[in-house]
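Secondary and tertiary structure notes
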Amino acid sequence: MAKYGLVGAMDGTERTDSARLDQICLFNLLSACADTIYFKDLESRFIRVSQSQADLIGAESPTAMVGKTDFDYFSPQHAAEAFAYERQIIRTGRPVTDLHEWNVRIGDRECVLSSTKQPLRDFSGRIIGTFGITRDITARKHTERELLAKTHELERIGRELRTLLESSPDPMARMDRDLRYTYVNPAATALAGLEAADILGRTSSELGFPEDYTRGWESALRHVLATGEPADVERNLVLGGTRRFLESRIVPEFDDDGQVRSLLVVSRDLTERKRIEETLAEQAVRDPLTGLANRRLFVERTNRALAALEGADTLLAVLFLDLDRFKVVNDSLGHAAGDALLVAVAARLQAAARRTDLVARFGGDEFAVLCERLSRREDAAALADRINRALTEPIRHAGQEIHVSASIGIATCCGVATADSGSGSESGPAADADALLRDADAAMYQVKARGNGAGGHLFFTEPIREQAVSRLAVETELRLALERGEFRLFYEPIYALRQRRLIGAEALIRWQHPRRGLLPPAEFIPVAEECGLIVPIGLWVLREACRTLAAWTRIYHRAHAANPAEQAPTMAVNLSVRQIADSGFADEVAAVLRRHRLEPAQLSLEITETAVHDAPFSAGTVLKALCELGARIALDDFGTGYSSLMHLRQAPVDILKIDRMFVSELGRLGQDEAIVAAVIGMARALGMTTIGEGIETAEQYRRLCELGCDQGQGYLFSPPMTAELFRATHLAQAMRAAPDTSA
Ligand code: C2E
Ligand code: MG
Ligand code: MG
């Protein structure tokens, strides 16, 4: 009994007092305890309930609940569960502690209750019911749940942050106040080429980075420690054999007292960006094919060299180089061969130049070399010779040997103005890169203009400047000349030598210049060829010559009406290589012939031997088409170029014009005569007609006749003249002779 009641151990008075005290305690317990307390009989009917219990379920009063059951106040489900527990307690005598009941509906509230239910025993220990204490833990559970959710959220954020740190390509690290690493992400360990374990707990200097690097870096870190201000630092160091460029932000982390507790370093590896930037900068000044400097870099360096030259008694030279016949290689062997040639030439130029010279490629086949600190002009000439020698060895590409040479123009500039340099070939110190290049280019042009295609060099001189200026003026005026109709054709008769019979004429262009008078072709044809105007001019010549030929042919036919077998006159028209490079040219010729109802064989198209040599691959097709059309192809100025006999056999040539140079020597030098004899013999063997050019003397005429030359032209017969004069003299005479020949 003592086990179940306090009273058992007390005497009488004490007992009464004690029973009263029990009542007081029970009363207080039931009326004021915040937890709900209830006592139930064996049928789970309330015997006693605390005020708090009545309040919880909204009963009128604790006494009003006596005799009622949970079914009167709770949901049937909850009431049934409670009833089942109580039955179990009564049956087993074992309490049920810490029973959490979720979602208990009380009124319009859902509650979480925590209960402990015990058997209710009388003093003898017999179970007479149950009692329980229940605490409303709804609020606590709610807070707990929120806390749990928050913890989960925090954990999730933590995980995400970690993933972010671990997978970030940017190196990140944290270090304590002693600048020892406390955290490094994988990007940082990868960059350092170390394991995290090797880094953590160490400072940069302890990691063995070079001292000059660590000094700067750690001083930046210390500065942030001291000021508490974040800082951005750029640093570079050699890691794993390559120099890496890093951009780092140092962020201080504070403790609760506002002291910098640690530093966070977030870096970005700029190495690749720097490399791209440098490559781009490099590309901007490099020729992509050869890797040589480009024009921009060359001009920049030349100007810098010129500035440095002032007052010095040394010399600066700019060599301007243009490959001879590069276009032919490119057109006939293809661009790959052209590129290979340029690359090989670049290498040879660099080998020929001094280490301090700057070799550049300006695009196409143009190169330039800048030479500083020369003591004499001869040094520049020596370099030009070295370059030309370096190029004599043929360049091999895809089993082919390519021969090149370079035309080199040289412009020099000295540090002190030389009053005595009478040649005027040296620019004073005031010159700039563009001026020097322009002068060197003009000198190079003169080398080209020699036209032997064998390279060589020339220094820039004042006369060269004048020529360059006048060339430019000619070009400007040429453009207008065609529109203004300033061109004229002169005609030079061609005779059959033995019979002294008129064959026809060669059309030779003249320019009736408004100020300078009648200009021969040498004054403007080279410029027209260079700037491309030769194509429209050449077309005009073709049309005009054919118009004249048609007029003469009509006269001829009238005069020889009785003898239609008599051959109509011919017309020779000179072509430029640019014209036969155009694939539409043969159609143009066919159209002109049709328009004037001319026999194609009446037209002879002259192309110089050197032009055939230089012609692009496509020209061969055009020549073939012209040949198929029935026009005659004449090789002009034969003997001045390098045609081999093999070459001639392949080209569709009908007529060989022996250059004036050989004709003029006839009867004087034995050797030239032998050459002419051989040429005539060879032409005959190939079934070609030969024409001697520039016959001036009766002796030359006689020798050509003896050597078997078919036809000839020259001042002996007549100089070139206008169409009208030609008609009145040569043509008229030929027609007077007509009745004789038919007779
Ligand atoms: P070419 O075709 O060899 O013409 C012959 C040149 O020799 C002409 O000079 C002619 O006047 C000159 N000549 C003729 N007989 C004699 C002579 O006995 N003695 C001397 N010393 N010279 C003589 P021209 O008219 O000054 O023409 C020079 C060159 O200009 C021509 O040489 C030809 O290559 C070119 N040319 C002329 N007209 C044209 C044209 O319409 N188109 C093109 N592309 N070139 C032309
Ligand atoms: Mg000619
Ligand atoms: Mg000629």
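This is a predicted model, so every value here is computed, not measured.

What follows deals with the overall build of the protein. In terms of regular secondary structure, the protein is built from 26 helices and 27 strands. The C-alpha radius of gyration of the protein comes to 56 Å, more than 25% above the 27 Å expected for a compact globule of 743 residues. If one aligns the C-alpha atoms of the protein with their principal axes, the spans along those axes are about 185 × 70 × 50 Å. Relative to its full complement of 743 residues, the protein shows a buried share of 45%. Taking the intrachain contacts of the protein between residues at least 6 apart in sequence as the baseline, contacts between residues at least 24 apart amount to 58%. Looking at the protein as shown, the accessible area adds up to about 38,800 Å², and 53% of this sits on carbon and sulfur atoms. The distance from the centre of the 88 positive side-chain charges to the centre of the 105 negative ones in the protein is 3 Å.

On to the coordination of the magnesium ion (ligand 2), then. Coordination sphere of the magnesium ion (ligand 2), protein contribution only: Glu506 (OE), Asn574 (OD1), Glu606 (OE) and Asp636 (OD), at 2.0 to 2.2 Å. One chain supplies every donor to the magnesium ion (ligand 2), and in sequence these donors are spaced E-x67-N-x31-E-x29-D. The distance between the magnesium ion (ligand 2) and the magnesium ion (ligand 3) is 4.1 Å, with aspartate 636 acting as a donor to both metals. Taken together, the positions of glutamate 506 in strand S20 (residues 501-513) and aspartate 636 in strand S24 (residues 632-638) put the pair 130 residues apart, joining distant regions of the chain. As far as the burial class goes, glutamate 506 and aspartate 636 line up, both buried.

So, about the pattern of salt bridges. Close approach of charged atoms allows side chains with opposite charge to pair. This structure, assessed with the given rule, holds 46 salt bridges. Put simply, glutamate 253 and arginine 174 hold a salt bridge, and the shortest N to O gap is 2.6 Å. Of this pair, glutamate 253 sits in strand S9 (residues 242-254) while arginine 174 sits in strand S6 (residues 172-176); the two residues are 79 residues apart in sequence, bridging distant segments of the chain. By relative accessible area, which is 32% here, arginine 174 ends up partly exposed. The partner of lysine 448 in a salt bridge is aspartate 324, and the shortest N-O contact between them spans 3.4 Å. In this pair, lysine 448 sits in helix H14 (residues 433-449) while aspartate 324 sits in the loop between strand S11 (315-323) and helix H11 (326-333), placing the two residues 124 residues apart along the sequence. Classification of lysine 448 as partly exposed rests on a relative accessible area of 29%. Linked through salt bridges whose partners overlap, the residues forming this network are Glu673, Glu699, Arg702, Arg703 and Glu706.

For the pair lysine 448 and histidine 397, spaced 51 residues apart in sequence, the C-alpha separation works out to 25 Å. Apart from residues no more than four positions distant in its own chain, lysine 448 is found in contact with Asp322, Leu323, Asp324 and Ser407. At 2.5 Å, the side chain of lysine 448 and the side chain of aspartate 322 are in polar contact. A distance of 2.9 Å separates a polar atom in the side chain of lysine 448 from the backbone oxygen of leucine 323.

This next bit is on the site of ligand 1. In the vicinity of ligand 1, 21 residues are found, and the nearest of them are Glu492, Glu506, Arg510, Asp636 and Glu696. A distance of 3.1 Å separates a nitrogen atom of ligand 1 from a polar side-chain atom of arginine 660. Within the backbone of tyrosine 715, one N or O atom sits 2.9 Å away from an oxygen atom of ligand 1. Protein contact buries 83% of the 790 Å² of open area that ligand 1 shows by itself. Per-element tally for the shell around ligand 1: the top contributor is S20, with 4 residues. For the shell around ligand 1, the per-class residue count stands at 8 nonpolar, 4 polar and 9 charged.

So, about the coordination of the magnesium ion (ligand 3). Those donors, Asp636 (OD), Asp637 (OD), Glu693 (OE) and Glu693 (OE), are the protein atoms that reach the magnesium ion (ligand 3), and they lie 1.9 to 2.7 Å from it. Sequence positions of the donors to the magnesium ion (ligand 3) reduce to the motif D-D-x55-E. Given the relative accessible area of 9%, glutamate 693 is considered buried.

Rules and cut-offs
Residues numbered from 1 in each chain as written. Chains lettered and ligands numbered in written order. Predicted model: local features only at pLDDT ≥ 70, side-chain atom pairs only at ≥ 80, totals over all residues. Heavy atoms only, no water. Helix = DSSP H or I, 4+ residues; strand = E, 2+ residues; numbered from the N terminus. Rg over C-alpha atoms; globule rule 2.2 N^0.38 Å. Buried < 20%, exposed > 50% of the residue type's maximum accessible area, 1.4 Å probe, protein only. Contact = heavy atoms within 4.5 Å. Areas by Shrake-Rupley, 256 points an atom, 1.4 Å probe, with all protein chains shown as cover. Lys, Arg positive; Asp, Glu negative; His and termini not counted. Charge placed at Lys NZ, Arg CZ, Asp CG, Glu CD. Donors = N, O, S within 2.8 Å, 3.2 Å for Na, K, Ca; no water. Salt bridge = Lys/Arg side-chain N within 4 Å of Asp/Glu carboxyl O. Polar contact = N/O pair within 3.5 Å; in protein donor to acceptor, adjacent residues only side chain to side chain. Near = heavy atom within 4 Å. Nonpolar A, V, L, I, M, F, W, Y, C, P; charged D, E, K, R; others polar.

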